[in-house]
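One-letter residues, chain by chain:
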Amino acid sequence: MRAYRIPEWEHTAEVVDVPVPEPGPGQALVEVAGCGLCHSDFTMLGMPAEFGRALGWSIPFTLGHETAGRIAELGAGVTGFAPGDPVALVSPASCGTCAYCVRGLDASCPNAPAGRGFGRDGGLAEYVLVDDPRALLPLGGLDPRTAGPLTDAGATSYHAVRRAAPRIRPGGTAVVIGAGGLGAFAVQFLCLLTGAQVVAVDTDEARLKVAAELGAHATLVGTTEGTAAEIRALTDGHGADAVLDFVGVDATIAAGVAAVRPAGAFGLVGAASGRLQSPWYGGLPRDGEVFTFQGSGIADVQEVLRLAETGRVRNNVDLFPFAEVEAAYKALHDGTLQGRAVVTFGD
Ligand SMILES: [Zn+2]
Ligand SMILES: [Zn+2]
């Protein structure tokens, strides 16, 4: 089968021919219908060997952590599914039994460092092996070619919105910085789950237009020193109940933290390695919280799938056949996509 794989550390990924995996007891083989591309894939391509080893990742591995498809074959003992069933795959691995997992914090599980598409084989291949049936989620009426982004871009932003939601009052304001893939989902979740005014901030006016279509009540161009003041102006000077930063550079972190009202929240989701430089007194929101990126858990993915299946969340995708996987990554890199890039198989 064809797979798009990183052959060794600090190496570009390439299309290779590898054997179709065989499912053993407790495993399932999934025929991939579509797999979304993520900015974090670029980080993996440049990852130094010692960093990858420290994470507990193995190499080579196939990229792709936004995967959906159909059950091709079930190993002994896997019940509840039949060949042909459409499924989405949870990509982060988790043990299911540790103190984090049993509290539903499987995104923080310390016992499974590598995930599908990061440190072990992912979904940019014709087939992918699933060794834990907890990672198989029924798609119901959703199309397996396009559902992949719901499991990562969708679920990660859902996790962040749920994390901030207790700080967001009906009639208050929630701000999304970076209205691209994850941010576009966050705008929708904030509209669905809170009674707040939702403000989208981005440097790209086309993305802001989409954010407005998806429900954003106000949009702001750019993330400069003036952005915090503009957000305060939209909130009668009080500041936002919550700011979710899906970019994560110094400028967005500074603007976001400065825009939070007392007892509000700032959530950092964008992994651009920006720094938080506010002094703890006078710089951070009083009685507020600052929280960091933590991916998503199985329950997040499950709930996002149901929101999409019932038509409450729109999943904008740009489809590319597998033969054009390099072009898809280039479009992601160049910022020319309208939706999430999804590579499809079987066409
Ligand atoms: Zn991702
Ligand atoms: Zn665990």
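Preceding block: the structure.
Each chain has its residues counted from 1, running along the sequence as written. Throughout, the order in which chains and ligands are written sets their labels, letters from A for the former and numbers from 1 for the latter. For a predicted model such as this one, the threshold for reporting local features is a pLDDT of at least 70, and the threshold for listing and counting side-chain atom pairs is 80 or more; totals across whole chains, interfaces and linings nevertheless cover every residue. Values shown for side chains rest on all heavy atoms present in the structure; no hydrogens or waters enter the calculation.

Caption draft 1: Region of interest: the packing of helix 4 (residues 153–164) against helix 9 (residues 298–309). Between helix 4 and helix 9, the shortest axis-to-axis distance is 9 Å and the interhelical angle comes to 105°. Between helix 4 and helix 9, the angle is such that the two are roughly perpendicular. Taking contact as the criterion, the partners of Gly154, Ala155, Tyr158, His159 and Arg162 in helix 4 are, on helix 9, Asp300, Val301, Glu303, Val304 and Leu307. Under the convention adopted here, Pro, Cys and the residues Ala, Val, Leu, Ile, Met, Phe, Trp and Tyr are nonpolar, Asp, Glu, Lys and Arg are charged, and Gly plus all remaining residues are polar. Of the residues belonging to the contact of helix 4 with helix 9, the class tally is five nonpolar, two polar and three charged. Here the axes come from fitting lines to C-alpha atoms, over the contacting stretch only for helices, and the angles between their N-to-C directions go from 0 to 180 degrees. Helix and strand labels come from DSSP, where a helix needs a run of H or I of at least four residues and a strand needs a run of E of at least two; each type is numbered from the N terminus. Any angle from 65 to 115 degrees is called roughly perpendicular, while one under 35 is roughly parallel, one over 145 is roughly antiparallel, and all others are oblique. Contact between two residues is taken to exist if any of their heavy atoms lie within 4.5 Å; hydrogens are not considered.

Caption draft 2: Quick look at the side chain of glutamate 289. Examined against the element boundaries, glutamate 289 turns out to sit in strand 16 (residues 289–291). Overall, the relative accessible area of 19% leaves glutamate 289 in the buried class. Within polar-contact distance, the side chain of glutamate 289 engages the side chain of arginine 163 at 2.9 Å. Classification of residues uses two cut-offs on accessible area relative to the type maximum, computed with a 1.4 Å probe and protein chains only: under 20% is buried, over 50% is exposed, and between them is partly exposed. Counted as a polar contact is a pair of N or O atoms within 3.5 Å, where, for protein atoms, one must be capable of donating a hydrogen and the other of accepting one, and residues adjacent in sequence contribute only when both atoms are in side chains.

Caption draft 3: Inspection of the packing of aromatic side chains at higher detail. Aromatic pairing here means that ring centres of Phe, Tyr or Trp (its six-membered ring) are within 6.5 Å. Orientation follows from the plane angle: under 30 degrees is stacked, over 60 is edge-to-face, and everything else is tilted. Taken as a whole and judged by the stated rule, the model has eight aromatic pairs. Centroid distance tryptophan 57 to phenylalanine 118: 5.9 Å. Interplanar angle 55°. Geometry classified as tilted. With tryptophan 57 in the loop between helix 2 (49–54) and strand 4 (61–62) and phenylalanine 118 in the loop between strand 7 (115–116) and strand 8 (119–120), this pair connects stretches of sequence that are 61 residues apart. With a relative accessible area of 12%, tryptophan 57 lands in the buried category. Site record: aromatic cluster; members linked through ring pairs are Trp9, Trp57, Phe61 and Phe118. For a ring to carry a charge above it, either NZ of a lysine or CZ of an arginine must fall within 6 Å of the ring centroid while also lying within 35 degrees of the normal to the ring plane. We note arginine 163 situated over the ring of phenylalanine 291; from NZ or CZ to the ring centre the distance is 4.4 Å.

These figures come from the coordinates and say nothing about function on their own.
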